[in-house]
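One-letter residues, chain by chain:
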Amino acid sequence: LGNNTKFKCFKTKSFLPVHKSWEFAISKISKINCEWVMMLCEDDIMLENSIITLLKCIKKYPKTSCFSWPVSHLTYNNDNGNFRYHNSLKKIRFSCKNINTVNLRKNIYNYNDIQSIKTISPFFPKILIKKKLLNRPNYFFNAEPMWSSFFRIVYKVKNYRFLNFPIVAIGVSAFSTSAK
């Protein structure tokens, strides 16, 4: 990564619902000099070499402003330390596919089809996104923060890149906010 790479972490003072927690994060991000933003849930973990993988993708596709990856292929149980993975991970050949957002919007509108695009859809917390795309207050809808981030992104960019390999393992535990 080199000496020029810096990470900044913020923590709320108390438990917040997901949409308020993410709005808190965006309010902090706006004050930081950075180009890219990625959010993790409190119980998720980044996989080994995931930052290097993302940096390589940024370098290879400099005009891309959003990268996404599969969210449910790998889970990590924080209570017992066990990983679970989907069988599809056994036969992966890494790719970083260009996805046209106009086509995604057409599928949703013309065919009332959101389910078929769900696995490749860009939404928090499974994206790396340019900070400039987060420049609005109330970015997330309270009832559906993940889907609201999806719609904000697909109406803001023409294309994004989908990595077919997980960058983050979704954390689960008895105390996870996802369990509340």
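Conventions we followed
- Residues numbered from 1 in each chain as written.
- Predicted model: local features only at pLDDT ≥ 70, side-chain atom pairs only at ≥ 80, totals over all residues.
- Heavy atoms only, no water.
- Helix = DSSP H or I, 4+ residues; strand = E, 2+ residues; numbered from the N terminus.
- Buried < 20%, exposed > 50% of the residue type's maximum accessible area, 1.4 Å probe, protein only.
- Contact = heavy atoms within 4.5 Å.
- Pairing = 2+ DSSP bridges.
- Axes fitted to C-alpha atoms, helices over the stretch in contact; angles between N-to-C directions.
- Phe/Tyr/Trp six-rings, centres within 6.5 Å; stacked < 30°, edge-to-face > 60°.
- Arc of directions from axis to C-beta.

J.: When you look at the overall build of the protein in this model, what are you seeing that I'm missing?
T.: Scanning the protein from N- to C-terminus turns up four helices and nine strands. Ordered by position in the sequence, the α and β elements of the protein form the string α-β-β-α-β-β-β-β-α-β-α-β-β. Here the protein holds 180 residues, and 38% of them are scored as buried. Restricting the contact set of the protein to residue pairs at least 6 apart, pairs at least 24 apart contribute 77%.

J.: Just to check I follow, could you spell out the sheet that holds strand β3 (residues 66–68) for this structure?
T.: Sheet strands pair via backbone hydrogen bonds, and the direction of the pair is either parallel or antiparallel. With respect to topology, five strands assemble into an open sheet ordered β1-β7-β3-β8-β6, the strand pairing being mixed. Two strands in the sheet have a free side with no partner beyond their single neighbour: β1 (36–37) and β6 (96–100). In the sheet, β3 pairs with strand β8 (residues 159–163) via two bridges, with the strands oriented parallel. Its bridge partner lying in β8, Ser 68 is registered against Phe 162. Against the sheet, helix α3 (residues 101–111) contacts β6 and β8, and its axis sits at roughly 60° relative to β6.

J.: Whenever I open this one, the pairing of β8 confuses me. Can you help?
T.: The buried count for β8 comes to four of five residues, which makes it a mostly enclosed element. Note that β6 and β8 share five bridges and pair antiparallel. Within β8, the position partnered with Ile 99 by the bridge is Tyr 160.

J.: Whenever I open this one, the packing of aromatic side chains confuses me. Can you help?
T.: Given two aromatic rings, their pairing is described by the distance between the two centres and the angle made by the two planes. Following the criterion strictly, the structure yields 10 aromatic pairs and no others. Both rings, one in Phe 123 and one in Trp 147, keep their centres 6.0 Å apart while their planes meet at 40°; by these two values the pair is tilted. Of the two residues, Phe 123 is situated in the loop between α3 and β7 (127–130) and Trp 147 in helix α4 (residues 145–154); the sequence distance between them amounts to 24 residues. Residues Phe 123 and Trp 147 agree in their burial class; the two are buried. Each residue in the set Trp 22, Phe 124, Tyr 139 and Phe 140 is aromatic and connected to the rest through ring pairs, giving one cluster.

J.: Looking at this structure, I do not really get the environment of Ser 116. What am I missing?
T.: You can see Ser 116 is positioned in the loop between α3 and β7. Judged by relative accessible area, Ser 116 falls into the partly exposed class, the value being 48%. Along the backbone, Ser 116 and Leu 104 are 12 residues apart, and their C-alpha atoms lie at a distance of 9.8 Å.

J.: Is there a simple way to think about the pairing of strand β9 (residues 168–172) in this case?
T.: The side chains of a regular strand alternate, first on one face of the sheet and then on the other. The sheet contact formed by strand β2 (residues 45–46) and β9 spans two bridges and is antiparallel. Of the residues in β9, the one forming a bridge with Ile 45 is Ala 169. Direction of pairing for strand β4 (residues 74–77) relative to β9: parallel, over a ladder of three bridges. Bridge pairing links Tyr 76 to Gly 171 in β9.

J.: Would you explain helix α2 (residues 50–60) in this entry?
T.: Given 3.6 residues per turn, any residue in an α-helix points the same way as the ones three and four places further on. Buried within α2 are the following residues: Ser 50, Leu 54, Cys 57 and Ile 58. Seen along its axis, α2 keeps its buried residues to an arc of 100°; they face one direction. Pointing more than 90 degrees away from the buried face of α2 are the exposed residues Lys 56, Lys 59 and Lys 60. Packing partners of the buried residues in α2 comprise β1, β2, β3, β6, β7 and β8.

By themselves, these figures tell us nothing about what the structure is for.
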